[in-house]
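As a plain string of letters, each chain reads:
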Amino acid sequence: MKFDTPATTNPIDRLKVVGKPTDRVEGPLKTTGTAPYAYEHRDFAATQAYGHVVGSAIAKGKIASMDLDAAHAAPGVLAIVTAANAGKLGKGDFNTAKLLGGPEIQHYHQAIALVIAETFEQARSAAALVRVEYTREKGAFDLAVALDTAVKPPAMFGTEPDTSVGDFAAAFAAAPVQLDQRYTTPDHAHAMMEPHASIANWDGDELTLWTSNQMIAWSVGDVAKTLGIGKDKVRLVSPYIGGGFGGKLFVRADAILAALGAKAARRPVKVALARPFMFNNTPHRPATVQRVRLGATKEGKITAISHESWSGDLPGGGPETAVAQTRLLYAGADRMTMMRLAVLDLPEGNAMRAPGEAPGLMALEVAMDEMAEKLGLDPVQFRILNDTQVDPEAPSRPFTQRQLNKCLETGAEKFGWAKRGKPGATRDGKWLVGMGVAAAFRNNLNANSAARVRLSGSGVVTVETDMTDIGTGSYTIIGQTAAEMMGVPLDRIVVKLGDSSFPVSAGSGGQWGANSSTAGVYAACVKLREAAAQKLGLDPIDAVFADGKVKAGRRSFALGDAAKDGELVAEDMIEFGKLAEKEQQSTFGAHFVEVGVDSMTGEIRIRRMLAVCAAGRILNPKAARSQVIGGMTMGAGAALMEELAVDKRFGFFVNHDLAGYEVPVHADIPYQEVIFLDEVDPNTSPMKAKGVGELGICGVAAAVANAVYNATGARVRSYPITLDKFIDKLPEIA
Ligand code: MOS
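Keep in mind it's a predicted model, so treat the numbers as computed, not measured. (Residues numbered from 1 in each chain as written. Predicted model: local features only at pLDDT ≥ 70, side-chain atom pairs only at ≥ 80, totals over all residues. Heavy atoms only, no water.)

1. A word on the overall build of the chain
Argument step 1. In terms of helices and strands, the chain carries 16 helices and 30 strands.
Argument step 2. The C-alpha radius of gyration of the chain comes to 27 Å, within 12% of the 27 Å expected for a compact globule of 734 residues.
Argument step 3. With the C-alpha coordinates of the chain rotated into their principal frame, the extents come out at 80 × 75 × 50 Å.
Argument step 4. The 734 residues of the chain split such that 61% are buried.
Argument step 5. By element, 53% of the accessible surface of the chain is carried by carbon and sulfur atoms, the whole surface being about 27300 Å². (Helix = DSSP H or I, 4+ residues; strand = E, 2+ residues; numbered from the N terminus. Rg over C-alpha atoms; globule rule 2.2 N^0.38 Å. Buried < 20%, exposed > 50% of the residue type's maximum accessible area, 1.4 Å probe, protein only. Areas by Shrake-Rupley, 256 points an atom, 1.4 Å probe, with all protein chains shown as cover.)

This is the structure we're talking about:
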């Protein structure tokens, strides 16, 4: 089904199942520990061997020699895979560094060997016996030092590194009120619960990988390319995923090494990346240095706006697109954005939840707070004053829907924003109390997505698509979509996901999954409805699918009657046309945060968080709320805790485990609420929905930072905001 004109009324609009707050259909499996995650796949329990990965102990240089003798002689060892014996290996389109390094080393903890043994313990202990001599080379590990070497990167996925409209420099120089500030964000880790893990089995020249992966079709391609085999020889199965956040968008070392290990050992082999190995072996969100300049009239109208961002990556990598939102968020006639990329020999930088916008808003939305203060304006009012209903870089392109102002107004009212005091002026016992606000923005992306639907004689509808559920609720919203389309309750739907033998979906990335994958299921169900009506001798145009029945005029059948003589199968793909070029599709929100800062110790405690989101039709308010509060929690981590500490001498992340890399826990987040504004966007798909999974993190950290400023009067421009950065600036205790 082509989607190139806005949707009109369709069966989804009945909203009998879609749009209802619905429990996760796979929830009981997960909460009882019976959902088989990749490492728990049981088919080979009797024959499987275990692989343990050896990582490079240098960041840049060469392996001079590897002594495997002791490891080979250790109990239970079956085989050892290294670049020297693995045969010719390619590199996937989506991987920057090689997944099996050697002799050249590209980053610290790059995988250099897999030791395969009968048991996990034997593999791990033998791996410790691998002796490696290295020739270390000098690397670049410090973004601050590498800034001067940063260059203009090539355009990535159509995103230009630089944009310019009008004459920013002149407009900024002429502006009566000016702000020019720099902000820094550190390297972040995805720190998802389930580590990267895979089980590989070869059947002749055909490989099956049970793995934990967000994008099945991309990864089939990269496995095939890396191993030099046909895509038709690779099957990926990834039904349950314990979080990804972008860290599992691309195939990683566990999958490739499990495949190589299974070949070498002639056995099924399972490999999990140990937690302390993941932080340097897998990608991370790159650190940024950002400069924001705002020029405004005395009345608070922005006349000039610019955002520049510097980040680093391995050779061949890309920038963190931290200026992305500034191209679209606020009005201002003269404007420019710029990204520069330095070569750093740290582990690979790549996508992490709202790549670009998440760190970009950490700078822009603090700059907006600072500018509002300079202007003597309320920060909510300042944002409302600078709203734009068109793409400010291309004014002939309107937004399809843009309710940012309503998000801000609704949030201000519900949160009690009017009670906010002057910086450092509000106390609650020993606590300095402050409130902060920030806008949330993330583009809505759509990706072609296919599905197959089967109708059985008993009226059960089975959906098959390679879409993944990374904890987002894909199983549930896909089930809701099929139930709505076929006019049956949700318990008549079976959803099967995450298998490359199913039709290729949008996958889980860029918050495009929910709208795109359900639209693909919609398209397949339209075909199934036609087939069912025809089988029953009804005109498909007149047939109404409701209450488990198919009716037309006076005739009525049970849905299953259409498959009495055998299963009915339909398959289709939603193909997105050029609607998103003509009008800008984006999602909006406003985050409100209240913090308390201990007036003596500087300890920061979040007290309340509220998000108001406008993101198209909300397919399942319960699952969507969970996505947003998860994003808010991650944003709180970015504001206050998360930072990969770089060893600038040797080029690795020092705090490479969950003891040293701190993320929020329940006690850090006492109260969260989410409000979704009514919105239906017929431009996005027949579902009229948009993404929310990344919108939830966007702007949160800035709202926390602004609340800390409002509490203390101390402005910190380098994340995370830890007490050492402002304790000397706390107000005197009276
Ligand atoms: Mo997302 S960072 O595209 O999983």
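2. Points about the sheet that holds strand β7 (residues 131-136)
Argument step 1. Here three strands make up an open sheet; going across it, the order is β5-β3-β7 and the pairing antiparallel. Pairing within the sheet leaves two strands with one partner each, and these edge strands are β5 (104-105) and β7.
Argument step 2. Sheet topology note: the strand β3 (residues 61-67)/β7 ladder contains six bridges and is antiparallel. Across the sheet, the residue bridging to Gly61 is Arg136, located in β7. (Pairing = 2+ DSSP bridges.)

3. Things to note about helix α16 (residues 700-712)
Argument step 1. In this model α16 runs 19 Å from its N-terminal to its C-terminal C-alpha over 13 residues, within 8% of the 18 Å that 1.5 Å per residue would give.
Argument step 2. With 13 of its 13 residues buried, α16 lies for the most part within the structure.
Argument step 3. Phi turns positive, to about 80 degrees, at Gly713, one or two residues after α16. (Expected span 1.5 Å × (residues − 1).)

4. Remarks on the pattern of salt bridges
Argument step 1. Counted according to the given criterion, the structure contains 40 salt bridges.
Argument step 2. Among the ionic pairs, Asp598 bridges to Lys430, the shortest N-O distance being 2.8 Å. Taken together, the positions of Asp598 in strand β26 (residues 586-598) and Lys430 in the loop between β17 (427-428) and β18 (431-443) put the pair 168 residues apart, joining distant regions of the chain.
Argument step 3. Taking the shortest distance from any N to any O, the salt bridge between Arg625 and Glu673 comes out at 3.4 Å. (Salt bridge = Lys/Arg side-chain N within 4 Å of Asp/Glu carboxyl O.)

5. Concerning the sheet that holds strand β23 (residues 549-552)
Argument step 1. With antiparallel pairing, the three strands of this open sheet are ordered in space as β22-β23-β24. For this open sheet the edge positions go to β22 (544-546) and β24 (555-558), each flanked by a neighbour on one side alone. Here the strands of the sheet are splayed against their neighbours by 20 degrees on average, with no regard to which way each runs.
Argument step 2. Strand direction decides the pairing type here: β22 and β23, joined by three bridges, are antiparallel. Bridge pairing links Phe545 to Val550 in β23. (Axes fitted to C-alpha atoms, helices over the stretch in contact; angles between N-to-C directions.)

6. Notes on the layout of surface pockets
Vacant regions in the atomic arrangement are exposed by a probe of water-molecule size rolled over the atoms.
Argument step 1. In this structure, the second largest pocket spans a volume of roughly 380 Å³.
Argument step 2. Leu143, Thr185, Pro186, Asp187 and Ala287 are, among the 26 residues lining the second largest pocket, the residues nearest its centre.
Argument step 3. Listed by contribution, the elements that provide at least two residues to the lining of the second largest pocket are α4 (143-146), β9 (177-185), β14 (288-296) and β15 (302-313).
Argument step 4. Taken together, the residues of the lining of the second largest pocket break down into 14 nonpolar, six polar and six charged. (1 Å grid on protein atoms, 1.4 Å probe; cavity = no way out; pocket = protein on both sides within 12 Å on 5 of 7 lines; lining within 4 Å. Points joined across faces, edges and corners; volume = space filled by probe spheres on them. Nonpolar A, V, L, I, M, F, W, Y, C, P; charged D, E, K, R; others polar.)

7. Brief notes about the domain arrangement of the chain
Argument step 1. Segmenting the chain into domains produces domain 1 (2-35 + 446-577), domain 2 (43-138 + 191-280) and domain 3 (356-444 + 585-732).
Argument step 2. Centre-to-centre separation of domain 1 and domain 3, based on C-alpha positions: 35 Å.
Argument step 3. When domain 1 packs against domain 3, close to 2200 Å² is buried across both sides, 52% of that on carbon and sulfur atoms.
Argument step 4. Of all residues in domain 1, the largest losses of buried area upon contact with domain 3 belong to Asn446, Gln511 and Asn515, amounting jointly to 29% of the total for that side.
Argument step 5. Our count for the contact surface shared by domain 1 and domain 3 stands at three salt bridges.
Argument step 6. Among the salt bridges present, the one from Asp23 reaches Lys622, with a minimum N-O distance of 2.4 Å.
Argument step 7. At the level of elements, α12 (474-486), α13 (513-535) and β25 (568-576) are the ones that each hand at least two residues to the side of domain 1 that touches domain 3. (Domains from an automatic or database assignment. Buried area = accessible area lost by both parts, 1.4 Å probe.)

8. A few points about the nonpolar core
Argument step 1. Membership of the largest hydrophobic core comes to 89 residues, with the highest contact counts inside it found for Leu329, Phe592, Val595 and Ile721.
Argument step 2. The dominant element in this core, judged by the number of residues it contributes, is helix α9 (residues 357-375), at eleven residues.
Argument step 3. Beyond its immediate sequence surroundings of up to four residues, Leu329 is in contact with Leu361, Leu364, Glu365, Thr388, Arg402, Leu404, Ala439, Phe441 and Phe588. (Core = buried A, V, L, I, M, F, W, Y, C linked by side-chain atoms within 4.5 Å. Contact = heavy atoms within 4.5 Å.)

9. Brief notes about the pairing of strand β16 (residues 334-343)
Argument step 1. Extensive coverage of β16 is indicated by the burial of nine of its ten residues.
Argument step 2. Note that strand β8 (residues 162-165) and β16 share four bridges and pair antiparallel. Paired with Val165 across the strands is Arg335, a residue of β16.
Argument step 3. In this structure, β15 lies alongside β16, joined through ten bridges in parallel fashion. Paired with Asp313 across the two strands is Val343, which belongs to β16.

10. A closer look at the state of the cysteines
Argument step 1. Applying the stated criterion across every chain yields a total of zero disulfides.
Argument step 2. Of all cysteine sulfurs, the one in Cys613 lies closest to Cys698, which takes part in no disulfide; the gap is 9.9 Å. (Disulfide = S-S within 2.5 Å.)

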